[in-house]
Every structure is written in structure tokens, then in C-alpha cells.
Amino acid sequence: SALVDDLLSLARADASELRLELRPLRAEEVARQVCDTLAPLARRERQLQLVQTSEAGLPFVLGDHDRLAQVLTNLVRNAINYTPDGGIISVTTARAGDDVALTVSDTGIGMPPEDLERVFERFYRTDESRSRESGGSGLGLAIVRDLLSAMGASISVESRQGVGSSFRILLHAQPA
């Protein structure tokens, strides 16, 4: 059923039928809610530490609360899946010029440089053997990209094999 939901999300995005409720929201509150929900899972399944920090006084951003939570949940779950036992996952919210940056970083296995350009493609998996082991359809990051694009936001990734990955979302700050 998760695969069907993923395919429906992509089909709606392709048909410009993705319905978003864009309104001013606090990105740090969405990050806190997602981390509060997933921290027990990270501890229980992998003895991972999930740390959430936010810069003080951040402006509101324009976004869809539920879709932003879906994006962050996907990124944190990926970090849980690809971080060895005892690792650390951090979710930070900070000002980035005129935008607000939400960053999900991990001390996971990382990705080779040649995979970084393709991780947001549909059905792309960085390592087929790992993907079979951890499940997943290869659609999650494509959905993340499409949802963020529909909100006028962007995402980028940096990664080093054996060191970890960092996904950075830029959301448009709302004028005060």
C-alpha cells in the first residue's frame, strides 16, 4: 500500500493535481513534531540519537504543514535506515540569508559522489543490495523533491561515504 500511495503522489504531482494548503508556519515546530515522533523508533531499532535544534527567532515560512512533515519524516526515516547502530541524526533549523534552512544530517554510510546527482530520480537506488535489505521503492526522495518544489522550496544533498549525508531544504521566509 505504501508503494501505491507513493505512485499516487507522483501521479498527482505530474498532473498538477497535488493539493497543498500553503500558509505561514514555523518550520522548527514541524521539525520538533517529527523528531518527537521518530526519536523512540530510532532509539529502539538502532540505538540512534535523534537531536533537533533550532536557531532562535526564526521567521515564519510558507508551506503546507502536513506535506512538510511528510518530507521530514521521509528524510529522517532514510537516515534511520542508513545509519549504523549508535549513530547520530540531527535535524537543524536555521536562517539562511532570506530563507530558512531545514537540514537532516546523519553519521550514516553515505553515498558515492556519482550517486548524488541521481538520488532524487524516481526509482533510483544508490545500492541495490542495501535497498532490498531496507525496503523502499526508490520513490521517496523523488516525492520529497516534488512536494518541496510545489511549496516553492528546494532541496540539496551532500554526502561522503563512511561519514554520512546531509539533506538541506530551503524554505522561503515570510516577511515580518
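Residues numbered from 1 in each chain as written. Predicted model: local features only at pLDDT ≥ 70, side-chain atom pairs only at ≥ 80, totals over all residues. Heavy atoms only, no water.

Caption draft 1: Structural view of the overall build of the protein chain. Each helix and strand counted, the protein chain has 6 helices and 7 strands in total. The buried share among the 176 residues of the protein chain stands at 43%. When contacts within the protein chain are restricted to residue pairs at least 6 apart in sequence, long-range pairs at least 24 apart make up 73% of them. Here the protein chain has roughly 9,300 Å² of accessible surface; of this, 48% comes from carbon and sulfur atoms. (Helix = DSSP H or I, 4+ residues; strand = E, 2+ residues; numbered from the N terminus. Buried < 20%, exposed > 50% of the residue type's maximum accessible area, 1.4 Å probe, protein only. Contact = heavy atoms within 4.5 Å. Areas by Shrake-Rupley, 256 points an atom, 1.4 Å probe, with all protein chains shown as cover.)

Caption draft 2: A look at helix α2 (residues 27-46). Taking 1.5 Å per residue, 20 residues should reach 28 Å; α2 reaches 26 Å between its end C-alpha atoms and fits that length. At Leu38, α2 shows its largest kink, close to 35°, and the proline Pro40 lies no more than four residues downstream. Every buried residue of α2 is accounted for by Ala27, Glu28, Val30, Ala31, Val34, Cys35, Leu38, Ala39, Leu41 and Ala42. In the stretch just after α2, Gln47 is the one whose phi turns positive, near 55°. (Expected span 1.5 Å × (residues − 1). Bend = angle between axes of the 7 residues up to and from the residue.)

Caption draft 3: Layout of the sheet that holds strand β4 (residues 88-96). On the basis of which strands lie adjacent, the open sheet formed by 5 strands has the order β2-β4-β5-β7-β6 and mixed pairing. Taken across any chain shown, the strands that pair with only one partner, and hence form the sheet edges, are β2 (49-54) and β6 (154-160). This sheet shows a mean twist of 15° between the axes of neighbouring strands, independent of strand direction. Two strands pair when backbone bridges link them, and β6 and strand β7 (residues 164-172) are joined in this way by 7 bridges, in the antiparallel orientation. Across the sheet, the residue bridging to Val157 is Phe167, located in β7. Seen against the sheet, α2 touches β2, β4, β5 (99-106) and β7 and runs at an angle of roughly 165° to β2. Set on the sheet, helix α6 (residues 140-150) makes contact with β6 and β7; between it and β6 the angle comes to about 145°. (Pairing = 2+ DSSP bridges. Axes fitted to C-alpha atoms, helices over the stretch in contact; angles between N-to-C directions.)

Caption draft 4: Molecular detail of the environment of Ala94. Along the chain, the position of Ala94 falls in strand β4. Residue Ala94 is classed as partly exposed on the basis of its relative accessible area, which comes to 25%. As for Ala94 and Ala56, which are separated by 38 residues in sequence, their C-alpha atoms are 8.2 Å apart.

Caption draft 5: Expanded view of the environment of Arg46. In this fold, Arg46 is placed in helix α2. Arg46 sits in the partly exposed class, given a relative accessible area of 21%. Linking Arg46 and Asp85, residues 39 residues apart in sequence, is a C-alpha distance of 4.7 Å. Leave out the neighbours within four places in its chain, and Arg46 touches Leu41, Ile80, Asn81, Thr83, Pro84, Asp85 and Gly86. A distance of 3.2 Å separates a polar side-chain atom of Arg46 from the backbone oxygen of Asn81. A distance of 2.9 Å separates a polar atom in the side chain of Arg46 from a polar atom in the side chain of Asp85. (Polar contact = N/O pair within 3.5 Å; in protein donor to acceptor, adjacent residues only side chain to side chain.)

Caption draft 6: Examining unusual backbone geometry more closely. Although it is not a glycine, Gln47 adopts a positive phi angle of roughly 55°. A relative accessible area of 47% places Gln47 in the partly exposed class.

Caption draft 7: View of the pairing of β6. Burial along β6 is one-sided: Ile155, Val157 and Ser159 are buried, while Ser154, Ser156, Glu158 and Arg160, pointing the other way, are not. Hairpin connection from β6 to β7: 3 residues lie between these consecutive antiparallel strands, with Gly162 at a positive phi of about 80°.

Caption draft 8: Local environment of helix α3 (residues 65-82). Over its 18 residues, α3 runs 26 Å from end to end, which matches the ideal 26 Å to within 8%, given 1.5 Å per residue. The N-cap of α3, judged by a side-chain oxygen 3.0 Å from the amide nitrogen of Asp66 a few residues on, is Asp64.

Caption draft 9: Representation of the packing of aromatic side chains in the model. Throughout the structure, instances matching the rule amount to 0 aromatic pairs. Taking the ring centre of Phe60 as reference, the NZ or CZ of Arg26 above it sits at 3.8 Å. (Phe/Tyr/Trp six-rings, centres within 6.5 Å; stacked < 30°, edge-to-face > 60°. Lys NZ or Arg CZ within 6 Å of the ring centre and 35° of its normal.)

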